[in-house]
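Tertiary structure, described
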Amino acid sequence: MTEQTRTVQITFDCADPAALAAFWATTLGYRLQDPPGGFESWEQALEAMGVPPERRNDASAVVDPAGSGPRLFFQRVPEGKQAKNRVHLDVRAAPGLSGDARMAALEAEAERLVSHGATRLRRHEPAPPLGAGHLVLADPEGNEFCLD
């Protein structure tokens, strides 16, 4: 029996799929997933599928334009976030940097994301030899993530 690799999709339960998809597209440099073939827009596709207007924000997805990162899928759920995330995303915003330069790059990225709806939660200072320092933020619906 041969081993197969698997791809990963990361799914977010949320209240507003379109808004959260837009936030994460901005955060990661992703783009909204294209509508199905033969349709110029998602609105056109959903209309043709008979999806009523009040259900057209039940789901959204963003994809890596280069095709290498995972697809992020956002699905509407009735309940709000209730506890700390057990799994979170680390957004690699300062690759190859260390010390003050690293923390300055992370702070600049945090400022950009806060202007798009993120909330800054805390800063962890560098603690050599293993701790390079990072920032913890939350997306507009309270899902924690790290700028690393």
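Residues numbered from 1 in each chain as written. Predicted model: local features only at pLDDT ≥ 70, side-chain atom pairs only at ≥ 80, totals over all residues. Heavy atoms only, no water.

Another aspect to go through is the sheet that holds strand β4 (residues 71-76). Strands belonging to one sheet form pairs held by backbone hydrogen bonds; the direction of such a pair is parallel or antiparallel. Sheet architecture is open: four strands sit in the order β1-β4-β3-β2, paired in mixed fashion. Among the strands making up the open sheet, the edge pair consists of β1 (9-14) and β2 (31-32). Bridge count for β1 against β4 is six bridges, and the pairing is parallel. Looking at the pairing, T11 lines up with F73 of β4. (Pairing = 2+ DSSP bridges. Helix = DSSP H or I, 4+ residues; strand = E, 2+ residues; numbered from the N terminus.)

Between P128 and the following residue, P129, the backbone shows a cis peptide bond with an omega angle of 10°. You can see P129 is positioned in the loop between β6 (119-124) and β7 (134-138).

Here D64 is to be found in the loop between β3 (59-63) and β4. One buried charge, D64, has no salt-bridge partner; the nearest side chain with opposite charge is R31, at 7.9 Å. At 2.9 Å, the side chain of D64 and the backbone nitrogen of A66 are in polar contact. (Buried < 20%, exposed > 50% of the residue type's maximum accessible area, 1.4 Å probe, protein only. Lys, Arg positive; Asp, Glu negative; His and termini not counted. Salt bridge = Lys/Arg side-chain N within 4 Å of Asp/Glu carboxyl O. Polar contact = N/O pair within 3.5 Å; in protein donor to acceptor, adjacent residues only side chain to side chain.)

Next up on the list: the nonpolar core. Nonpolar side chains tend to gather and get buried jointly when the protein is soluble and globular. If you look at the biggest cluster of nonpolar residues, it comprises 23 residues, and the most contacted ones within it are W24, F74, L137, F145 and L147. Here this core gets five residues from one element, more than from any other, and that element is helix α1 (residues 17-28). Other than its neighbours up to four places away in sequence, L137 contacts A110, L113, V114, A118, T119, R120, L121, N143, E144, F145 and L147. (Core = buried A, V, L, I, M, F, W, Y, C linked by side-chain atoms within 4.5 Å. Contact = heavy atoms within 4.5 Å.)

What follows covers the sheet that holds strand β5 (residues 89-91). An order of β5-β8-β7-β6 is seen for the four strands of this open sheet, with the pairing classed as mixed. Both outer strands of the open sheet, β5 and β6, are each paired with one neighbouring strand and no more. Each adjacent strand pair in this sheet contributes to an overall mean axis angle of 25°, direction not counted. Of the strands in this sheet, β5 and β8 (144-147) touch α1, which is tilted by about 40° from β5. (Axes fitted to C-alpha atoms, helices over the stretch in contact; angles between N-to-C directions.)

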